[in-house]
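Letter by letter, the chains look like this.
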Amino acid sequence: MEQQDEQKEKLQQEGDSGEAGSTPSENLQAAAEAVEEKLEEGKEEMKNQAENLATEAQGQVEQLAEEAQDKVNEIAPEVEKQAEAAESKLEEAVQEVQAHAVEAVQEAQAHAGEAAEKVQDKAAELAKEAEAKAEEATQEAGAKAEEVVKKVEEAATTAGAAVAEKASELKEKAETETDKKIKEIKAKKQVKDNANAENAGKNNSALFVGVAVVLILLVLASFFALLPRKTKVNLDKYVTVSFDGYDGYGKALVKFDKDAYLKDYKKKIKLKKSGNFLQDSLTKNYGAAELLYDFYVDGNWKIEGDSSDGKLKNGETVKLSWGFNQEELEEQFKVKFSSKGTEFKVEGLKDVQLFDAFKDFDYKFTGISPEGAVEWKGTGDMDGSKGYYFTVEPSMDLKNGDKVKVKIEPANPESLIQKYGIAPKETEKEITVEGLPSYVEKADAISDSLLQDMQKEITDKIQSQLASQGEEVSFVGAEYLGYYFLTSKSANAFEHNIMFPVMKVNVQINIPDKSYSAQHSYYFTGAFTNLMDEGSGKVTVDLNDMDIPYHYATIDTGVVAWFSTVKFNFSGFEDLNSLRNQCVSQKLDKYTVEETVKDPAAQSTESGAENKEESSSANEEKESSSAAESSTANPS
């Protein structure tokens, strides 16, 4: 601006002096020499300034390259703002310079109007010459600026591949913008030259302004080339989502187009050096874009929706969202994520086929109540080949009437439905334990026919034993007296119940050489254990598994032989008290008892006593009646 003011002042002085007495030719020659001299001075000064700027820029680049690694990320946000502000201010400056140039030309034209008319032809010639020299100066300045840019690029290359690539990109942009500005300036100049040759001074001023603008743009472009810009990354556009499985049990399949992503960002994404030698060495030959995807992006997404837990339905809307820390990765990889997640509509899921799983449930109850068990297996679609199977709880220690729960596993069959497309209509069912044989707990469950069978078994045993006594003893008969029925107090007892039918045995003993013949009696029983209720009132027991209590009844005939009397020992008991004591009383701590046994001798005694009392009472009544009659007959 100072140079323009000096030029304007000099032109005014020259115009004034011309008016004072100089000839037009002399004034024209002087003006031409002044213009040429100024062009030379401006050209030399511009070259010097360009060289100085180049040297200074190179030194700054080298210094910035050393500090860029630590500083670049710190100042990047602020630089971006400053760059935008600078670009805006640069545009304003260009407009302001052009306005001042127009103003200066108009002012010079006002002062030198008369002189310009007199030297119009000469001015036009000088203008063309000045234009040629100005173009030459512009080319030299552009070449010098290009040299500066090259030095800046070389310095930037030493600072890192990321800065060099950015410098190259911005250089091309700056050169394009510079060419555009030069063309615009030349176009404006040409229009004004064609309109009026008097505007030569104005065009020359605009040309100087254009050269200055070119240099400013080149320097700014070189500086901005060194400043990092964050690469904008939108991951959403590389994602596609499809749906697989069955309606109500669908799942989302996410696919990321890594090849397209690397094609777009392989050369744009740069990794910040960590300062850790080992880490930097490991990642030196690993592309930043590929590293970002493989270690941070791949699989780090999730599908969100109402049924995003593997139970997707047709018509639902789900959204893919990213799970990585965007701020940390933006700082580490010099990027700016614009990924916001994408919504997708669920469609294409097939219908699920429902089936009755329990028709393929085969089972049976085994064992004895209350220690029964259940055995089962699955058939058809429940044979396990499709992943479904049955569980039963409880399956042990069962008794008739218990409730058993049958469930279908797995409880969450989403993966099986997605694979086979079938699902059970019901997943749980309750069945009742029945048909198990059980231990008889009450004697009244025993039928008369079974009781007679037990009596016969005992009688057969008695006769078998008496047969071994020889000809002196013979069986007369056995009388059934009743039973003792014992029920275990513990469910884990080996003998859950015991039945003791009691018999009175009558035998004939003959000792011919002693002239002895008499009948005797004793008591006998056998133990039948674990009587079973097979259901429908049918009670069974193993009659061949009868246990004989170990005890002997001794019958003394009183017949003298040698130094004693003749005695006979029989398997049994001499009286009922002894039998009950051994078979019942000794087991009462572990068993409860039902009994119907009665002693016929005691019954006979009780019957005789009753008869005697009845006879005595009758006699008393008879005597009382006779006395009354006598009193009546003899009233005195």
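Rules used throughout
Residues numbered from 1 in each chain as written. Predicted model: local features only at pLDDT ≥ 70, side-chain atom pairs only at ≥ 80, totals over all residues. Heavy atoms only, no water. Helix = DSSP H or I, 4+ residues; strand = E, 2+ residues; numbered from the N terminus. Buried < 20%, exposed > 50% of the residue type's maximum accessible area, 1.4 Å probe, protein only. Core = buried A, V, L, I, M, F, W, Y, C linked by side-chain atoms within 4.5 Å. Contact = heavy atoms within 4.5 Å. Arc of directions from axis to C-beta. Polar contact = N/O pair within 3.5 Å; in protein donor to acceptor, adjacent residues only side chain to side chain. Pairing = 2+ DSSP bridges. Axes fitted to C-alpha atoms, helices over the stretch in contact; angles between N-to-C directions. Left-handed = near helix turned anticlockwise from the far one by under 90°. Nonpolar A, V, L, I, M, F, W, Y, C, P; charged D, E, K, R; others polar.

J.: What should I look at first to understand the environment of Ala288 in this one?
T.: For Ala288, the location among the structural elements is in helix 9 (residues 288-297). Look at Ala288 and you get buried, because its relative accessible area is 11%. With 23 residues separating them in the primary sequence, Ala288 and Tyr265 have C-alpha atoms 9.1 Å apart.

J.: Would you explain the nonpolar core in this entry?
T.: The tendency in soluble globular proteins is for nonpolar side chains to be buried as a group. Within the largest apolar cluster, 32 residues are counted, with the highest numbers of intra-cluster contacts made by Met499, Val507, Tyr522 and Leu531. Elements represented by at least two residues in this core include exactly helix 12 (448-467), strand 16 (473-488), strand 17 (497-511), strand 18 (516-525), strand 23 (552-561) and strand 24 (564-571). Tyr261, Ala289, Leu292 and Trp301 belong to the second-largest nonpolar core, a separate cluster that totals 31 residues.

J.: Is there a simple way to explain the side chain of Thr459 in this structure?
T.: Summarising the element assignment, Thr459 is placed in helix 12. Using a relative accessible area of 18% as the deciding quantity, one classes Thr459 as buried. Leaving out residues up to four positions away in the same chain, Thr459 has contacts with Phe475, Ala478 and Met503.

J.: Would you mind going over unusual backbone geometry with me for this structure?
T.: Trans is the common state for peptide bonds, and a negative phi is the common state for residues other than glycine. Cis geometry is found at the peptide bond from Ser369 to Pro370, where omega equals 10 degrees. Its place among the elements puts Pro370 in the loop between strand 9 (361-366) and strand 10 (373-378). With an omega dihedral of -5 degrees, the bond running from Glu393 to Pro394 counts as a cis peptide bond. As for its position among the elements, Pro394 is in the loop between strand 11 (389-393) and strand 12 (403-409). A positive phi angle, near 55 degrees, is found at Asn530, a position not held by glycine. On the secondary structure map, Asn530 appears in the loop between strand 19 (527-529) and strand 20 (532-535).

J.: Sorry, what's going on with helix 10 (residues 326-333) here?
T.: Residues spaced three or four apart along an α-helix point in a common direction, a consequence of the helix completing one turn every 3.6 residues. Buried within helix 10 we find Leu329, Glu330 and Phe333. The arc that holds the buried residues of helix 10, viewed along the axis, is 105 degrees, so those residues lie on one side. In helix 10, the exposed positions that point more than 90 degrees away from the buried face belong to Glu327 and Glu328. Lining the buried residues of helix 10 we find helix 9 and strand 6 (335-337). The N-terminus of helix 10 is capped by Asn325, whose side-chain oxygen sits 3.2 Å from the backbone nitrogen of Glu327. Just downstream of helix 10, Lys334 is the residue with a positive phi angle, here 55 degrees.

J.: Looking at this structure, I do not really get the pairing of strand 17. What am I missing?
T.: Regular strands place side chains that alternate from one sheet face to the opposite one. Here strand 17 lies mainly inside the structure; 13 of its 15 residues are buried. Here strand 16 pairs with strand 17 via 13 bridges, running antiparallel. When the bridges of strand 17 are listed, Leu486 appears paired with Ile498. In the sheet, strand 17 pairs with strand 19 via 2 bridges, with the strands oriented antiparallel. Bridge pairing links Ile498 to Thr529 in strand 19. The hairpin formed by strand 17 and strand 18 contains 4 residues between the paired strands, and Ser515 there has a positive phi angle of roughly 55 degrees.

J.: So what exactly am I meant to see when it comes to the packing of helix 7 (residues 258-265) against helix 9 here?
T.: Packed helices, taken two at a time, are described by the angle their axes make and the gap between the axes. With their axes 9 Å apart at the nearest point, helix 7 and helix 9 run at an angle of 145 degrees to one another. You can see that helix 7 and helix 9 cross each other, and the crossing is right-handed. Mapping the contact onto sequence places Lys258, Tyr261, Leu262 and Tyr265 in helix 7 and Ala289, Glu290, Leu292, Tyr293 and Asp294 in helix 9. A per-class count over the contact of helix 7 with helix 9 returns 6 nonpolar, no polar and 3 charged.

J.: How should I be thinking about the sheet that holds strand 11 in this particular structure?
T.: Note: strands within a sheet are paired through backbone hydrogen bonds, in either parallel or antiparallel orientation. In space, the 3 strands of this open sheet follow the order 11-12-14, with antiparallel pairing throughout. For this open sheet the edge positions go to strand 11 and strand 14 (428-432), each flanked by a neighbour on one side alone. With direction set aside, neighbouring strand axes in the sheet form an average angle of 25 degrees.

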